[in-house]
Amino acid sequence: MTAADHMMEVTAYCNCGKCCSWEHGVVVSPSHYLALALNTFPPVRVKRRRPNPYQDKAKQKTFVFDKYWTGTTLKGCVYEGKTANGEMPRQSRPGPLHPRSLRKPVRLALRLALAPWHLCGRTGTIAADLDLYPFGTRMHVPGYGWGVVADCGSAIKGPQRLDLYFNSHAEALQWGRRR
């Protein structure tokens, strides 16, 4: 299979409540939780808990203080922060000889001294339309690096839309939306 260049609209997301639609909550009964949302009035509300229909009941864990989905079909289910294929998302990291790494020699020296396994590059998590790009599809996005399709989203439809995972909300905002 040959590589091809395509013009795409690429947005960024992270694991925060704004990007992934979750809120903190405290369990008050087996079927309800107390939602803690400081940006709404009233800041505390009682909401309904639901089991995740896509997961085994034996694997579902209950903690007193947890995160819950708010804006998806999983509303009220515990938010675990995993991708659609069940893995934890990760940000792309360039290898030691990449120009982005060479521009920051102090960081490169720290990676060598403190965590030599970080010298290896790492593929990031990409969310795409699974009808067009199945799980495991490798892509290179200029400015981000190599990534693997491991997630999907309700707003990601069509061949020209991708979402890239970033470790922090600030990095995701800095990336923004690019073509």
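These figures come from a predicted structure and were not determined experimentally.

Looking now at the overall build of the protein chain. The helix and strand tally for the protein chain stands at four helices and 10 strands. Along the protein chain, helices and strands appear, N-terminal first, in the series β-α-β-β-β-β-α-α-β-β-β-β-α-β. The proportion of buried residues among the 179 residues of the protein chain is 36%. Of the contacts made within the protein chain by residues no fewer than 6 positions apart, 56% connect residues no fewer than 24 positions apart. Split by element, the accessible area of the protein chain, about 11,700 Å² in all, is 60% carbon and sulfur.

Let's shift gears to the nonpolar core. One recurring pattern in soluble globular proteins: nonpolar side chains tend to sit buried together. Among the nonpolar cores identified, the biggest contains 27 residues, and Val141, Leu162, Leu164 and Trp175 are the most heavily contacted of them. Of all elements in the fold, only β1 (9–13), β6 (124–127), β7 (138–141), β9 (161–165) and α4 (169–175) reach the threshold of two or more residues within this core. The contacts of leucine 164, once residues within four sequence positions are left out, are Val10, Thr11, Ala12, Tyr13, Thr125, Ile126, Val141, Tyr144 and Trp175.

Together, Leu36, Val44, Val64 and Phe65 make up a nonpolar patch on the protein surface, roughly 360 Å² of accessible area in all. Positionally, phenylalanine 65 belongs in strand β5 (residues 65–69).

Looking now at the packing of aromatic side chains. The geometry of two aromatic rings is summed up by the distance between their centres and the angle between their planes. Scanning the entire structure with this criterion turns up four aromatic pairs. Plain terms: the ring middles of tyrosine 13 and tyrosine 165 are 5.6 Å apart, the flat faces sit at 70° to each other, and that makes the pair edge-to-face. Remark: tyrosine 165 occurs in strand β9 and tyrosine 13 occurs in strand β1; sequence separation between them is 152 residues. Judged by relative accessible area, which is 10%, tyrosine 13 ranks as buried.

By volume, the largest pocket is sized at about 1,200 Å³. Contributing to the lining of the largest pocket are 38 residues, with Trp69, Thr72, Asp151, Cys152 and Gly153 lying nearest its centre. Those elements that provide at least two residues to the lining of the largest pocket are β1, α1 (17–20) and β9. Considering only residue class, the lining of the largest pocket consists of 17 nonpolar, 15 polar and six charged.

One open sheet holds the four strands; their spatial order is β4-β3-β2-β5, and the pairing between them is antiparallel. On the outer flanks of this sheet lie β4 (44–48) and β5, each paired with one strand and no other. Here the strands of the sheet are splayed against their neighbours by 45° on average, with no regard to which way each runs. Alignment of strand β2 (residues 22–29) against β5, held across five bridges, turns out to be antiparallel. Its bridge partner being in β5, valine 26 is matched across the sheet by phenylalanine 65.

Spatially, β7-β8-β6-β9-β1-β10 is the arrangement adopted by the six strands of the open sheet, whose pairing is mixed. The sheet terminates laterally at β7 and β10 (177–178), the two strands that pair on one side only. Here β6 pairs with β9 via two bridges, running antiparallel. Across the sheet, residue isoleucine 126 finds its bridge partner in β9, namely leucine 164.

Glancing now at the pairing of strand β3 (residues 32–36). Each regular strand shows side chains that alternate between the opposite faces of the sheet. Only one face of β3 is buried: it carries Tyr33 and Ala35, and the other face, with His32, Leu34 and Leu36, is open. Bridge analysis of β2 against β3 gives five bridges, and the strand direction is antiparallel. When the bridges of β3 are listed, valine 26 appears paired with leucine 34. Counted along the chain from β2 to the antiparallel partner β3, the turn is two residues long.

Each value, and the rule that gives it
Residues numbered from 1 in each chain as written. Predicted model: local features only at pLDDT ≥ 70, side-chain atom pairs only at ≥ 80, totals over all residues. Heavy atoms only, no water. Helix = DSSP H or I, 4+ residues; strand = E, 2+ residues; numbered from the N terminus. Buried < 20%, exposed > 50% of the residue type's maximum accessible area, 1.4 Å probe, protein only. Contact = heavy atoms within 4.5 Å. Areas by Shrake-Rupley, 256 points an atom, 1.4 Å probe, with all protein chains shown as cover. Core = buried A, V, L, I, M, F, W, Y, C linked by side-chain atoms within 4.5 Å. Patch = residues over 30% accessible without salt bridge, like charges linked within 9 Å, V, L, I, M, F, W, Y side chains within 5 Å. Salt bridge = Lys/Arg side-chain N within 4 Å of Asp/Glu carboxyl O. Phe/Tyr/Trp six-rings, centres within 6.5 Å; stacked < 30°, edge-to-face > 60°. 1 Å grid on protein atoms, 1.4 Å probe; cavity = no way out; pocket = protein on both sides within 12 Å on 5 of 7 lines; lining within 4 Å. Points joined across faces, edges and corners; volume = space filled by probe spheres on them. Nonpolar A, V, L, I, M, F, W, Y, C, P; charged D, E, K, R; others polar. Pairing = 2+ DSSP bridges. Axes fitted to C-alpha atoms, helices over the stretch in contact; angles between N-to-C directions.

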